Number of protein chains: 2
Amino acid sequence: MNEPYFDLFLILSGIYFLTVGDPPGLACFVRVNAANRSLPRIYSWKEEIKVMAAITKDPKRNSMVVTMPAESLPPRSWRTKLIGRPLATADAPHQAIGKLVGLAVFSSDALSSVAYATQEMLVVLAVAGVAAFGISIPLSIVIVGLLFILTISYEQTIHAYPGGGGAYIVARDNLGELPAQTAGAALLTDYILTVAVSVSSGVAQLVSAYPDFEPFRVWIGVVLVLFIMLINLRGVKESGTTFAFPTYFFLLMMVLTLGFGLVRYATGTLGVVVDPPHLEVLQTTQVVTLFLILRAFASGTTALTGVEAISNGITAFKEPRSHNAGTTLVWMAAILGSMLLGVTFLSHQVGAVPSESETVISQLARTAFGGRGILYLAMIAGTTIILVMAANTAFADFPRLGALHAGDGFLPRQLTYRGSRLVYSRGILALALIASGLIIVFRASVTALIPLYAIGVFLSFTLSQSGMARRWWKIGHLGPGQEVRERGSTLRYTPGWRLKMVINGFGALCTGVVMLVFAVTKFTSGAWIVVFLTPALVFIFFRIHHHYKDLAADLSLENHWPNPPVALRHRVILPISGVHQGTLKALRFARALSDDVTAVHVSMDSDEAEKIKDKWDEWGEGVRLVILDSPYRLMLEPLISYIEMLTSQNRQDELITIVVPQFVPRHWWHNLLHTQAALTLRMALLSRPGVTVTDVPYQVR
Amino acid sequence: MNEPYFDLFLILSGIYFLTVGDPPGLACFVRVNAANRSLPRIYSWKEEIKVMAAITKDPKRNSMVVTMPAESLPPRSWRTKLIGRPLATADAPHQAIGKLVGLAVFSSDALSSVAYATQEMLVVLAVAGVAAFGISIPLSIVIVGLLFILTISYEQTIHAYPGGGGAYIVARDNLGELPAQTAGAALLTDYILTVAVSVSSGVAQLVSAYPDFEPFRVWIGVVLVLFIMLINLRGVKESGTTFAFPTYFFLLMMVLTLGFGLVRYATGTLGVVVDPPHLEVLQTTQVVTLFLILRAFASGTTALTGVEAISNGITAFKEPRSHNAGTTLVWMAAILGSMLLGVTFLSHQVGAVPSESETVISQLARTAFGGRGILYLAMIAGTTIILVMAANTAFADFPRLGALHAGDGFLPRQLTYRGSRLVYSRGILALALIASGLIIVFRASVTALIPLYAIGVFLSFTLSQSGMARRWWKIGHLGPGQEVRERGSTLRYTPGWRLKMVINGFGALCTGVVMLVFAVTKFTSGAWIVVFLTPALVFIFFRIHHHYKDLAADLSLENHWPNPPVALRHRVILPISGVHQGTLKALRFARALSDDVTAVHVSMDSDEAEKIKDKWDEWGEGVRLVILDSPYRLMLEPLISYIEMLTSQNRQDELITIVVPQFVPRHWWHNLLHTQAALTLRMALLSRPGVTVTDVPYQVR
């Protein structure tokens, strides 16, 4: 029967038997014919017609392709209870946010840092005695100046990269892979530290209000991290209200605290902190050195962490995106600057003292509000919540950046996999684990964590701004009207590129200097970890990339010739430990594969071997049996060397398959009662070229 | 060509080409012909002739059986360095020992218990104040009486079971499986406790002499256990000198200590312990109750642990075995009894005080020798060493008993496997791990461990003696000259069986009573653990036995019909994640298995699926491709439900094989960079009947 008629026959007879009946004889005829013509196997007549239709639709293809929807939903389990029902890929939310919500969504990281920046400056200055605390005010002014430079610089980035201008992308497009990976490594490290520092600071606020919780601070921190992890695994949409309420509540409480404080300061009724925590100072008070001031300055610059957040998330804004994002950035910087100045100034006035047992914010709030009343508690609650929100931001950014790296082949590919709730679950889990580890190791102490923090941020600031400067330079050298498309943005000639280049260049210079100051002044107290870790990470990233590139080259079908004709001979080896139903099932399979079957038994006991020989005589269907004597009672090694002997003689047109009878018990713990010889054999043989391993499972009823 | 001529042709042409050359054409002809006739594959001409010879030798067999020596020695590694070069099964040592050496080999467990038995009695009596210490002397006399009964009783066992009469064997042959398993469980528990108690007591002796080691006592104990484990893994032969020197050294030092003590007591120069350790007594001193006395008695009976050792090891003795073993038992009992009495009496005279910081033996020795001189140190060293030897005895017995249980199918079969040094390595490892765990949990405190100890020993004494009594009863009811062969011994009529039955019965009664006293008086201080653990273990043993019996029935070839004819159809499913060299290798294999191949791709991304379709067009060799759309980004579940759909339609004469391309990276840690989809798929499919999984490895160069 020639082809088109046969198709017609199939379809018609299908319809006939679908309505009338399914006489096995004819079905079998069609089945066999379909199989011979390499049609998809037919499960039922209904299926068949669907399948036929699918095939006949695409006659241009060389091979038959059938697309089926997989109806399977993931199984319900404790996981679906914990993180919610799975979401289909098509459900990914697309929403655009305005400036007011945008400020709330992206600023928690930056704004929350006023909760610890002032305090950490004071911690450093404390070694020079209480008199040195006043230095924090001019330092804050310098930091606000730096914030100003950064804001202008990043405003330019936002307009240049409307599709999102994180340090990784800017560095990759303008400086090359190495700076890009360095920026990425620095940022990934820093997101981890954001979680650890923010949560630790949040716990410190809580403990200030409720000192009874002091002994549990580490575990409160870990539980908070796991809680944020769970929220993120659920993939709660970053909806306006979720973020807006806590952020604006914090801002309101901050305005009230600073307002009360300033009014009482102006009227002279502010006073000082009642019953301040004990100040732990060194025996001998040091003199104020430049090094000390720079150290305090470095601690204060942690206030600037999180400023880059908006430039990463431009795509979330409503159109005109860049304009809205830029305006939001300016607002955020203004709020952050005023808050930092206000907190530092008032803290000095009330004589707040840095301490592990009560935060400066807490001392300031209870002095401004005149006691631990409802307003004080609201302020502490607001601060704690915004700090947790900041950690949450890192939970959004870390997996996304990780997936970006993984997509480019610099981190394990698994990080690009979206879990059942459409979030990068593996990245979220990794972040939670490492951050919890840090909190445990550093006993949830912000002061201990701070020296590790901010180096990475400033390194990425520097690389990002340098990349921008380079970009302006490239733009300046384009002809008018000329366009160059890069991976992250499009270059067009822009007048005034020189000024823009200088602005970004100056930004890079400033942040670079801050980074160096930070690394040097904090080196011995912990910064060395980051100084060594970042290059190590970059090295690992490149090793991973190397592996993927090698692999891709190895697997590539370029310069590949079609497969040689199907193998001429197929040799099957059947290792057996005894002769029983499982063995016979495997023997049946082995004989279906090839006529050239050899059973092999490794014998540690000659009596046992005799029994097996006799049984094989009866049940072995004439297949040859090789007994390998193992005087050292080794199981695996004789078998492997036998197989190696065979493979060493192997030719191009031969296949060697090891058929392993695999016993599958009813309960997994029954495996404890059996030597896992099949598994071990498989592991040992997998890495040997030229051998294929087949498990023939024998399930115990 | 008919058969004999063909064989001749093969051999002759083999010899010809072996000497002259190996022209590929003819070799190929012979190869193919050999394969068709289902002869073993030929690796080289030399091999071939060997193989041919092997086959022609045994023409009676139904199937061809070839036996080859496996030349492979286990690979050299850190393990061979640690435990020595492997020993062949034929190297197992067979040596017989005399009475003097036998005493040393088998008595360390029993004799060493005088190092703690007296002390533990005093610990109990201490709650009634120092005045109650005197009660230890009559208690010791009662214990020696019990020892006397036990010795007579076991002497009979030794003569009845010349092949070894452990409690397990005696109970199995005379009382049935349940008592036998109970005796076994009790003994296994007790061997573990022997290690923990002996090593802890050894450490206590050390710490008495060198109090600086006090903070490390737990870790010294653990290191000692691991050291003994290593010695046993090496499988050092139980040679005379290894055992004789420390045992006789201990005996010598004990005789010296007791001798010096008694002479000085007689001459009135003994005095009392100088600067004794502080006695921790309760606030309110209790009165001496019967319960307290029984409690102290129970602690003292730990001196009798190890008496059964000789009855287990009769086969090690020179002929006449039973006689020699029996004599050795009597000697041992005499030495043990005198030492216990001597130590208890002198300890009371010098006013020794039970303490965790200095043992009674140490106090006694330094009083007898008049200070911490060389004799004192020798005594402490001797005691420590004999205690370590006692632990070593348990390391010999536990794995042997475990293998006995495992051989009968009541413990995992792996325990019967002899490691490269011909010892039951897994049993040794298990014992070391559990005993170390006990030492850590109980802080290496003998007093804390003692309540768990000895119940098991006395339970096994009781079962063993009851079994013996039952055996005499059976013997008494045989006709003269009649013989009954049991698994462990042969029954023959013996005159005087009534007396022997009464002796064993009385032994059983006494030890049974002691066991009850022990369980009741020590219940709250730890004996409850053993009281609940022993039945739990017996339950587990029977569950394991049940599993093995079920499995054997399931695998049995009785009532099994020959395999149905080779499967008619063979359907092959090839899951692919992309089209690359690994896929093509698997495709080549799949097509060698069957013409009915279906490639399946689970698609989470429609762009990716399009690419795969195009590539498949080019490389798929016309094989059909099924694309399963996975909207929930699940990998495994759609594939499994697809395969389930196929298997549900599967017929008796069909085989379904899943060919999984398995990527094998160069370094194991590269696996971290890949989703282990092949492995997970295999795990998920193994337990499904009717499906066979084949891995086609693709090794990266």
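Each chain carries its own residue numbering, running from 1 in the direction its sequence is written. For this description, chains carry letters from A and ligands carry numbers from 1, given in the order in which they are written. Totals for whole chains, interfaces and linings use all residues, but because this is a predicted model, local features are given only for residues with pLDDT of at least 70 and pairs of side-chain atoms are given and counted only at 80 or more. Processing note: side-chain calculations cover all non-hydrogen atoms of the structure and skip hydrogens and water entirely.

Draft legend 1. Layout of the overall build of chain A. Put simply, DSSP marks the helices as runs of H or I at least four residues long and the strands as runs of E at least two long, and each gets a number from the N terminus on. For chain A, the count of helices and strands is 25 helices and 8 strands. Of the contacts formed within chain A by residues at least 6 apart in sequence, a portion of 80% connects residues at least 24 apart. Summed over its atoms, the accessible surface of chain A is roughly 29,800 Å², and 66% of this surface lies on carbon and sulfur atoms. Pairs of residues are marked as contacts when any of their non-hydrogen atoms sit within 4.5 Å. All accessible-area figures derive from a Shrake-Rupley calculation using a 1.4 Å probe, and residue coverage is judged against the displayed protein chains alone.

Draft legend 2. Region of the structure containing the pattern of salt bridges. All names here are of chain A. For this document, the term salt bridge refers to a Lys or Arg side-chain nitrogen within 4 Å of an Asp or Glu carboxyl oxygen. Per the counting criterion, the structure on display carries 28 salt bridges over all chains. A salt bridge links Glu319 to Arg321; the nearest nitrogen and oxygen atoms lie 3.7 Å apart. Working definition: with a 1.4 Å probe on protein chains only, accessible area under 20% of the residue-type maximum means buried, over 50% means exposed, and in between means partly exposed. On the basis of relative accessible area, Glu319 is assigned to the exposed category, the value being 61%. Arg487 is paired through a salt bridge with Asp408; the nearest N and O atoms lie 3.1 Å apart. Pair noted here: Arg487 is in the loop between β2 (483-485) and β3 (490-492) and Asp408 is in the loop between α16 (374-407) and α17 (425-441), with a separation of 79 residues, a long-range link. Under the relative-accessibility criterion, Arg487 is labelled exposed at 57%.

Draft legend 3. Representation of the packing of aromatic side chains. Any two of the Phe, Tyr and Trp rings considered here, Trp counted by its six-membered ring, make a pair once their centres fall within 6.5 Å; the pair's planes then place it as stacked at under 30 degrees, edge-to-face at over 60, or tilted in between. Counted by the stated rule, this structure contains 18 aromatic pairs over all chains. A centroid spacing of 5.2 Å and a plane angle of 80 degrees characterise the contact between Phe410 of chain A and Phe542 of chain A, whose relative ring orientation is edge-to-face. Taken together, the residues span a long stretch of sequence, with Phe410 of chain A in the loop between α16 and α17 and Phe542 of chain A in helix α21 (residues 523-555) at a distance of 132 residues. Between Phe523 of chain B and Phe532 of chain B, the aromatic rings sit 6.5 Å apart at their centres with planes inclined by 65 degrees, giving edge-to-face as the arrangement. The class for Phe523 of chain B is partly exposed, based on a relative accessible area of 33%. Phe532 of chain B sits in the exposed class, given a relative accessible area of 55%. Pairwise contacts between aromatic rings join Tyr154, Phe458 and Phe461 of chain A into one cluster. When the ring centre of Tyr161 of chain A is taken as reference, the NZ or CZ atom of Arg471 of chain A above it lies at 4.9 Å. Two conditions define a charge located above a ring, namely a distance within 6 Å from the ring centre to NZ of Lys or CZ of Arg, and an angle within 35 degrees of the ring normal.

Draft legend 4. Focus on the packing of helix α7 (residues 136-160) of chain B against helix α20 (residues 497-521) of chain B. Residue and element names in this part refer to chain B. The N-to-C vectors of α7 and α20 enclose an angle of 130 degrees; their axes lie 9 Å apart at closest approach. Taken as axis vectors, α7 and α20 run oblique relative to one another. The element α7 and its partner α20 pack so that their crossing is left-handed. Two secondary-structure elements touch here, α7 through Leu146, Ile149, Leu150, Ile152, Ser153, Gln156 and Thr157 and α20 through Lys500, Ile503, Asn504, Phe506, Gly507, Cys510, Thr511 and Val514. A fitted line through C-alpha atoms serves as each axis, taken over the contacting stretch for helices, and the angle formed by two N-to-C directions is quoted from 0 to 180°. For classification purposes, an angle smaller than 35 degrees is called roughly parallel, one larger than 145 roughly antiparallel, one from 65 to 115 roughly perpendicular, and anything else oblique. A clockwise turn of the near helix away from the far one marks a right-handed crossing, whereas an anticlockwise turn of less than a right angle marks a left-handed crossing.

Draft legend 5. Spotlight on unusual backbone geometry. Of the consecutive residues Glu319 of chain A and Pro320 of chain A, the connecting peptide bond is found in the cis state with omega at -10 degrees. Tracing the backbone through its elements, the reader meets Pro320 of chain A in the loop between α13 (309-312) and α14 (321-349). Positive phi is not limited to glycine here, since Glu621 of chain A has a value of about 55 degrees. Mapped onto the secondary structure, Glu621 of chain A falls in the loop between α23 (606-619) and β6 (624-629). Within the chain, Ala444 of chain B stands out as a residue other than glycine whose phi angle is a positive 55 degrees. Mapped onto the elements, Ala444 of chain B comes out in the loop between α17 (425-441) and α18 (446-449). In this structure Ala444 of chain B comes out as buried when scored by relative accessible area, which is 1%.

Draft legend 6. Structural context of helix α12 (residues 290-300) of chain B. Within the sequence span of α12 of chain B, burial applies to Leu292, Ala296, Phe297, Ala298, Ser299 and Gly300 of chain B. Looking at the packing, one finds that the buried side of α12 of chain B touches α6 (117-125), α7 and α20 of chain B.

Draft legend 7. Region of the structure containing the pairing of strand β8 (residues 691-699) of chain B. Among the 9 residues of β8 of chain B, 9 are classified as buried, and the element is accordingly described as predominantly covered. Pairs of strands are assigned from DSSP output, requiring at least two bridges between the strands. As paired strands, strand β8 (residues 691-699) of chain A and β8 of chain B are joined by 3 bridges and run antiparallel to one another. When the sheet's bridge partners are listed, Thr694 of chain A is paired in β8 of chain B with Thr694 of chain B. In terms of strand pairing, strand β7 (residues 654-664) of chain B meets β8 of chain B through 9 bridges, oriented parallel. Following the sheet pairing, Val660 of chain B is matched in β8 of chain B by Asp695 of chain B.

Draft legend 8. The arrangement of the environment of Pro638 of chain B in detail. All names here are of chain B. Summarising the element assignment, Pro638 is placed in helix α24 (residues 636-648). A relative accessible area of 2% places Pro638 in the buried class. Here the alpha-carbon distance between Pro638 and Leu628, two residues 10 residues apart in the chain, equals 6.9 Å.

Draft legend 9. Geometry of the side chain of Ser112 of chain B. All names here are of chain B. Tracing the chain through its elements places Ser112 in helix α5 (residues 99-112). When its relative accessible area of 0% is taken as the criterion, Ser112 is described as buried. Polar side-chain contacts of Ser112 include one of 3.0 Å to the backbone oxygen of Asp109. The residues touching Ser112, leaving out its near neighbours within four places in the chain, are Ser107, Ile386, Leu387 and Ala390. Side-chain atoms alone can form a polar contact between residues adjacent in sequence; in general such a contact is a pair of N or O atoms within 3.5 Å, and within protein one must be able to donate a hydrogen while the other accepts it.

Draft legend 10. Molecular detail of the packing of α5 of chain B against helix α16 (residues 374-407) of chain B. Residue and element names in this part refer to chain B. Where α5 meets α16, the axes come as close as 8 Å, and the angle between the chain directions of the two elements is 120 degrees. By crossing handedness, the relation of α5 to α16 is classed as left-handed. Counting all contacts with α5, which are made through Val105, Ser108, Asp109 and Ser112, the residues of α16 involved are Ile386, Leu387, Met389, Ala390 and Thr393. When its residues are assigned to classes, the contact of α5 with α16 shows 5 nonpolar, 3 polar and 1 charged. When residues are grouped by polarity, Ala, Val, Leu, Ile, Met, Phe, Trp, Tyr, Cys and Pro land in nonpolar, Asp, Glu, Lys and Arg in charged, and all others, Gly among them, in polar.

Draft legend 11. Geometry of the pairing of β7 of chain B. All names here are of chain B. In terms of residue burial, β7 counts as a mostly covered element, since 10 of its 11 residues are buried. In this structure, strand β4 (residues 569-575) lies alongside β7, joined through 5 bridges in parallel fashion. Bridging across to β7, Arg571 finds its partner in Ile656.

Draft legend 12. Examining the confidence of the model for chain A more closely. Residues and elements named next belong to chain A. pLDDT gives the predictor's per-residue confidence on a scale running from 0 to 100. Averaged over all residues, the pLDDT of chain A equals 81, while 82% of them reach at least 70. Per-residue pLDDT stays below 50 along residues 16-46; that stretch engages in 54 contacts with residues further than four places along the chain or on separate chains. Here residues 52-57 scores under 50 on pLDDT; set against residues more than four positions off or in separate chains, the count is 9 contacts.

Draft legend 13. Examining a nonpolar patch on the surface more closely. Any residue with relative accessible area above 30% and no salt bridge may belong to a patch, with like charges joined within 9 Å and the nonpolar Val, Leu, Ile, Met, Phe, Trp and Tyr side chains within 5 Å. Residues Tyr210, Phe213, Phe216 and Leu377 of chain A make up a contiguous nonpolar surface patch of about 380 Å² in total accessible area. According to the relative accessible area criterion, Tyr210 of chain A is partly exposed, its value standing at 41%.

Draft legend 14. Inspection of the environment of Phe106 of chain B at higher detail. Looking at the element boundaries, Phe106 of chain B is found in helix α5. Between the alpha carbons of Phe106 of chain B and Leu329 of chain B there is a distance of 9.1 Å; along the sequence they are 223 residues apart.

Draft legend 15. Structural context of the environment of Thr521 of chain B. Residues and elements named next belong to chain B. Tracing the backbone shows Thr521 in helix α20. Separated by 228 residues in the primary sequence, Thr521 and Ile293 have C-alpha atoms spaced 9.6 Å apart. A polar atom in the side chain of Thr521 sits 2.7 Å from the backbone oxygen of Val517.

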